[in-house]
Amino acid sequence: MTQGMFELPLYAYAFVCFLALFCLWRWKRNPLNAINTAGGPSVPLLSYIGALRFQRHSHEMMLEGYRKYGRSVFKVAMPDQWLVCLNGPELIDQVRKAPESVMSSSEGLLFLTQLTHYLPLETFKDPYHSAVIRERLNRRLDDVLPSMMDELRIVCDELLPPKQGDPVALPGRKVILDIVARAVSRTFVGLPYCRKTSYLDAAVTFTLDVIKSRFILTLFPEIMKGFVARFIARGPANNIRRMAGLIGPLVRERIDLMEQHAKDGSELPDDMLQWLLEEGSKRNDLTVEMAATRLQLLNFAALHTSSSSLVHALFHILADPDLVPTLREEARAALEAHGWTRGALEKMPKMDSFLKESQRLNGINVLGMSRRAMQDIVLADGTFIPAGTLCVVPSYPPHHDEETYDGADDFKPFRFLDSKEAGSTRQQFVNTSDEFMAFGRGKHACPGRFFAAMELKVILSYLLMNYDMELQDKSTGRPANVHFGITILPSPSAVVVFKKR
Ligand code: HEM
């Protein structure tokens, strides 16, 4: 009986042999074979060892590659494709100067997240939501700040203890995400939507839906991904549809207001949704679906990035209570002199250096730049990259490079103030360089970083001025980060005790 199970017809064996030979032939012909592999084997099937490791240890694999192959090119395995890592000033320069037609940033981000399967082609062929940040949001930061402050006071009174008395213990990551979501949404959609639970839930869960469906899609070969995205891993598509249902009435109201404005110049709202609609109208792209899609892309870019960064920083403060008086005193002096303005934030160099150091050591993920090769490319060092390859410039290894950062694995909050170049704009949190790529680099460096830096400084200063905070469990120091794929998350289980001052 047992023997019979293995008596397959001859053609089945022939088919298996043919398949194995075909895979070997394809592998032999793959130009990426010429590139060194870090963190695991490179041969077919065994490369899945590296891909498995990537799920929890991508940072270590990249450090291994960086240390072994120097500032050159290496690749690491993801479950569905190779991630080609470009390092060193010459290659970074080539990536940041390459036009979209050669190395595309929007396609890079969308292929990395697999959002290509959920979004209409136009959203990444014409990513005007990024232009809206550069041309509208970044010019209105002074105007945006008062309403952000207003929302911050209200949400903190709702979630944290409103008066002196009993302390309240809350999961740190969740409460900071709730605060960030409210403060950002006030700028993105204004009142009353920024306070609607259903809107906030859709805005926040989009990122989680993308991460979940991305994980599922990577388990399937390229040829099946479209089908899986359509019929199995439908999270992001359902979420965008839900968002369209929620903001539909608001978008239609805004379109009416825009028609009225065209007739009599009447006032228009001043928020991200409005700017998106105005850009959309110039392009004949004025629909509820378009607004929901682009808004969710911006929520994806803005919410978890800022809140993770804030929690990473907060956990450093809570693990080192000596930091509190220094940062609090600096904030008090600046706020007393300038009120809650951008002028005050500019007078907080210690806070600026502290946030930059937290971002250097933790960051939101291990990557600085993500690009997709749109055509065959020969890199400056002669490496051949075939069209369609996902290329990245990792940020984790240069951020942990002892040659650049003395005691690179240590947290030194005022490192950027103590450096030789202290006081220069190069040392500022929002400034990007080959050594600091938490916001990317070059013309596609995060356009939202000025808004993000303002938001982080305002929220952290507000918390320091109004609350005493400590970790519920002080026995283990700073709660350990969690690595998942390329993402670096602050501990999900750490509980923070808040007391009104
Ligand atoms: C601390 C918070 C943030 C971090 C660490 C961060 C980091 C990044 C990184 C690493 C990139 C990729 C750059 C590249 O590939 O060259 C990026 C792109 C982007 N970010 Fe941010 N970001 C943050 C907050 C924000 C916010 C608040 C917004 C919106 C207001 C935003 C909007 C964008 C957009 C639209 C892009 C794509 C830019 C392009 O392709 O031209 N980000 N961000």
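Keep in mind that what you see is a predicted model, and the values were worked out from it rather than measured. (Residues numbered from 1 in each chain as written. Predicted model: local features only at pLDDT ≥ 70, side-chain atom pairs only at ≥ 80, totals over all residues. Heavy atoms only, no water.)

Engineer: Quick one: what's the story with the overall build of the protein chain, residue by residue and with numbers?
Structural biologist: From N to C terminus, the protein chain includes 20 helices and 12 strands. Here the protein chain has a C-alpha radius of gyration of 24 Å; the compact-globule value for 501 residues is 23 Å, and the two agree. Along the three orthogonal principal directions, the C-alpha set of the protein chain runs to about 80 × 60 × 55 Å. Looking at the protein chain as a whole, 52% of its 501 residues qualify as buried. Of the contacts made within the protein chain by residues no fewer than 6 positions apart, 73% connect residues no fewer than 24 positions apart. With an accessible surface of roughly 22,900 Å², the protein chain has 57% of that area assigned to carbon and sulfur atoms. (Helix = DSSP H or I, 4+ residues; strand = E, 2+ residues; numbered from the N terminus. Rg over C-alpha atoms; globule rule 2.2 N^0.38 Å. Buried < 20%, exposed > 50% of the residue type's maximum accessible area, 1.4 Å probe, protein only. Contact = heavy atoms within 4.5 Å. Areas by Shrake-Rupley, 256 points an atom, 1.4 Å probe, with all protein chains shown as cover.)

Engineer: I'd like a rundown of unusual backbone geometry, residues and numbers included.
Structural biologist: Where the residue is not glycine, phi is negative for most of them; where a peptide bond is considered, it is trans in most cases. Leu 191 connects to Pro 192 through a cis peptide bond whose omega is 0°. Tracing the backbone through its elements, the reader meets Pro 192 in the loop between helix H9 (172-188) and helix H10 (197-217). Despite not being glycine, Gln 114 has its phi angle at roughly 70°, a positive value. Tracing the backbone shows Gln 114 in the loop between helix H5 (105-113) and helix H6 (121-125). For Asn 284, which is not a glycine, the phi torsion comes out positive at approximately 60°. Tracing the backbone shows Asn 284 in the loop between helix H13 (272-282) and helix H14 (288-319). Given the relative accessible area of 76%, Asn 284 is considered exposed.

Engineer: Can you break down the packing of H13 against H14 residue by residue, with the values?
Structural biologist: Close contact between H13 and H14 brings their axes to 10 Å; oriented N to C, the two are set at 130°. Looking at the two axes, H13 sits oblique to H14. Between H13 and H14 lies a crossing of right-handed hand. Listed contacts from H14 to Met 272, Leu 273, Leu 276, Leu 277 and Gly 280 of H13 are Met 290, Ala 291, Arg 294, Leu 295 and Leu 298. Among the residues making up the contact of H13 with H14, the classes are represented as eight nonpolar, one polar and one charged. (Axes fitted to C-alpha atoms, helices over the stretch in contact; angles between N-to-C directions. Parallel < 35°, antiparallel > 145°, perpendicular 65-115°, else oblique. Left-handed = near helix turned anticlockwise from the far one by under 90°. Nonpolar A, V, L, I, M, F, W, Y, C, P; charged D, E, K, R; others polar.)

Engineer: Got a sec to walk through H5? Specific residues and values, please.
Structural biologist: When you tally the buried positions in H5, you get eight out of nine residues, the bulk of the element. Those residues of H5 that sit buried are Ser 105, Ser 106, Glu 107, Gly 108, Leu 110, Phe 111, Leu 112 and Thr 113. Where H5 starts, the residue carrying a side-chain oxygen 3.0 Å from the main-chain nitrogen of Glu 107 turns out to be Ser 104. Positive backbone phi, approximately 70°, marks Gln 114, located one or two places after H5. (Polar contact = N/O pair within 3.5 Å; in protein donor to acceptor, adjacent residues only side chain to side chain.)

Engineer: Kindly report on the coordination of the iron atom of the ligand, identifying the contributing residues and their values.
Structural biologist: Looking at the iron atom of the ligand, one finds just one donor atom contributed by the protein, Cys 446 (SG), at 2.3 Å. As for its position among the elements, Cys 446 is in the loop between helix H19 (415-418) and helix H20 (449-466). (Donors = N, O, S within 2.8 Å, 3.2 Å for Na, K, Ca; no water.)

Engineer: Give me the lowdown on the site of the ligand, citing residues and values where you can.
Structural biologist: Contacts to the ligand come from 28 residues, most closely from Ser 105, Arg 134, Arg 371, His 444 and Cys 446. A distance of 3.1 Å is found between an oxygen atom of the ligand and a side-chain nitrogen or oxygen belonging to Arg 134. Contact distances for the ligand include 3.4 Å between a nitrogen atom and a backbone N or O atom of Ala 301. Every element with two or more residues in the shell around the ligand is listed here: H5, helix H7 (128-135), H14, strand E5 (367-373) and H20. When residues of the shell around the ligand are assigned to their parent elements, the largest contribution, five residues, is made by H14. In the shell around the ligand, the residues fall into 14 nonpolar, 11 polar and three charged. (Near = heavy atom within 4 Å.)

Engineer: Which residues make up the sheet that holds strand E8 (residues 390-394), and what values do they have?
Structural biologist: Either a parallel or an antiparallel arrangement is found when strands of a sheet pair, and the pairing is made through backbone hydrogen bonds. Pairing is mixed across the open sheet formed by five strands, whose spatial order is E1-E2-E8-E5-E3. What marks the edges here is a single partner per strand, and that holds for strand E1 (73-77) and strand E3 (103-104). Examined bridge by bridge, E5 and E8 share five bridges and lie antiparallel to one another. The residue bridging Leu 367 from the neighbouring strand is Pro 394, located in E8. Helix H3 (residues 47-69) rests against E1, strand E2 (82-86), E5 and E8 of the sheet, and its axis sits at about 160° to E1. (Pairing = 2+ DSSP bridges.)

Engineer: So what's going on with the sheet that holds strand E9 (residues 467-471)? Which residues, and what values?
Structural biologist: An order of E4-E12-E9 is seen for the three strands of this open sheet, with the pairing classed as antiparallel. Each edge of the sheet is formed by a strand with only one pairing partner; in this case those strands are strand E4 (168-171) and E9. Strand after strand, the sheet turns through a mean of 30° between neighbouring axes, direction not considered. Alignment of E9 against strand E12 (residues 495-500), held across five bridges, turns out to be antiparallel. Residue Glu 470 lies in a different strand from E12, and its bridge partner there is Val 497.

Engineer: Any details on the state of the cysteines? Residues and values, ideally.
Structural biologist: Counted according to the given criterion, the structure contains zero disulfides. The cysteine Cys 85 is free of any disulfide, with Cys 391 supplying the nearest cysteine sulfur at 9.2 Å. (Disulfide = S-S within 2.5 Å.)

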